[in-house]
Amino acid sequence: QVQLVESGGGLVQTGGSLRLSCAASGRTLSSYTVGWFRQAPGREREFVAAMSSSGARTRHADSVKGRFTISRDNAKNTVSLEMNSLRPEDTAVYSCAARPDYIILPTRARDFDYWGQGTQVTVSS
């Protein structure tokens with residue numbers, strides 16, 4: 001079992017930045033693909049970014065490409081999401097997720113096995 005706990009959410013103005021962190025326990029993340037998803041009220045969960053176990057492969061949603069960056073520190077068993085140039089439409093609960101590494105970098109929520117509780121990000125206009 002992998003337990004994931006997010007932190008770093010909060011309220012920020014349009015154009016601002018936040019850095020989300022996800023701390024894992026139970027198992028080392030070094031053999032897991034990790035990802036970030038978000039869900040706004042009344043909307044489906046949306047893929048944000050994913051990274052393979054080694055960090056060699058990454059994928060970001062078109063809506064965040066160039067503004068958000070996923071990273072990981074396997075030595076610290078953490079995953080991060082650096083978010084810049086935030087917009088009101090980025091407002092959502094952000095959750096990190098993990099699954100054993102796979103050939104294809106997954107982007108669907110159903111492809112991930114472990115989830116954190118989420119952290120709220122609110123971007124004011």
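Residues numbered from 1 in each chain as written. Predicted model: local features only at pLDDT ≥ 70, side-chain atom pairs only at ≥ 80, totals over all residues. Heavy atoms only, no water.

Turning our eyes to something else, we now look at the overall build of the chain. Counting its regular elements, the chain contains zero helices and eleven strands. Ordered by position from N to C terminus, the α and β elements of the chain give β-β-β-β-β-β-β-β-β-β-β. Its C-alpha atoms give the chain a radius of gyration of 13 Å, near enough to 14 Å, the size a compact globule of 125 residues would have. Counted over contacts in the chain with a minimum sequence separation of 6, partners at least 24 positions apart contribute 60%. Taken as a whole, the chain presents about 6400 Å² of accessible surface, with 47% of it coming from carbon and sulfur. Across the chain, 15 positive and 11 negative side-chain charges occur, with their mean positions spaced 3 Å apart. (Helix = DSSP H or I, 4+ residues; strand = E, 2+ residues; numbered from the N terminus. Rg over C-alpha atoms; globule rule 2.2 N^0.38 Å. Contact = heavy atoms within 4.5 Å. Areas by Shrake-Rupley, 256 points an atom, 1.4 Å probe, with all protein chains shown as cover. Lys, Arg positive; Asp, Glu negative; His and termini not counted. Charge placed at Lys NZ, Arg CZ, Asp CG, Glu CD.)

Before going further, it helps to examine the sheet that holds strand β1 (residues 3-7). Spatially, four strands are ordered β1-β3-β8-β7 in an open sheet, and the strand pairing comes out antiparallel. Edge strands, defined here as strands with exactly one partner in the open sheet, are β1 and β7 (68-73). Recorded for the sheet is a direction-independent mean angle of 15 degrees between the axes of neighbouring strands. (Pairing = 2+ DSSP bridges. Axes fitted to C-alpha atoms, helices over the stretch in contact; angles between N-to-C directions.)

So, on to the state of the cysteines. Two cysteines form a disulfide when their sulfur atoms are joined by a covalent bond. Across all of its chains, the model carries one disulfide by this definition. Shown here is the disulfide that connects Cys22 with Cys96, its sulfur atoms set 1.9 Å apart. Linking Cys22 and Cys96, the disulfide has an S-S dihedral of approximately 55 degrees and is accordingly described as right-handed. Here Cys22, found in strand β3 (residues 18-25), pairs with Cys96, found in strand β9 (residues 92-100); they are 74 residues apart in sequence, far enough to count as distant. (Disulfide = S-S within 2.5 Å.)

Here the focus is the packing of aromatic side chains. Within a pair of aromatic rings, the relevant descriptors are the distance that separates the centres and the angle that separates the planes. Counted by the stated rule, this structure contains five aromatic pairs. For the pair Phe37 and Trp115, a centre-to-centre distance of 5.1 Å together with 55 degrees between the ring planes defines the contact as tilted. Linking Phe37 in strand β4 (residues 32-39) with Trp115 in strand β10 (residues 114-115), this pair joins segments that are 78 residues apart in sequence. Residue classification places Trp115 among the partly exposed residues on the basis of a relative accessible area of 23%. (Phe/Tyr/Trp six-rings, centres within 6.5 Å; stacked < 30°, edge-to-face > 60°. Buried < 20%, exposed > 50% of the residue type's maximum accessible area, 1.4 Å probe, protein only.)

Here we come to the pairing of β9. Here is the key point about a regular strand: its side chains alternate between the two faces of the sheet. Of all the nine residues making up β9, seven are buried; the element is thus mostly covered by neighbouring parts of the structure. Note that β4 and β9 share eight bridges and pair antiparallel. By the bridge assignment for β9, Trp36 is matched with Cys96. By the bridge criterion, three bridges tie β9 to strand β11 (residues 119-124) in an arrangement that is antiparallel.

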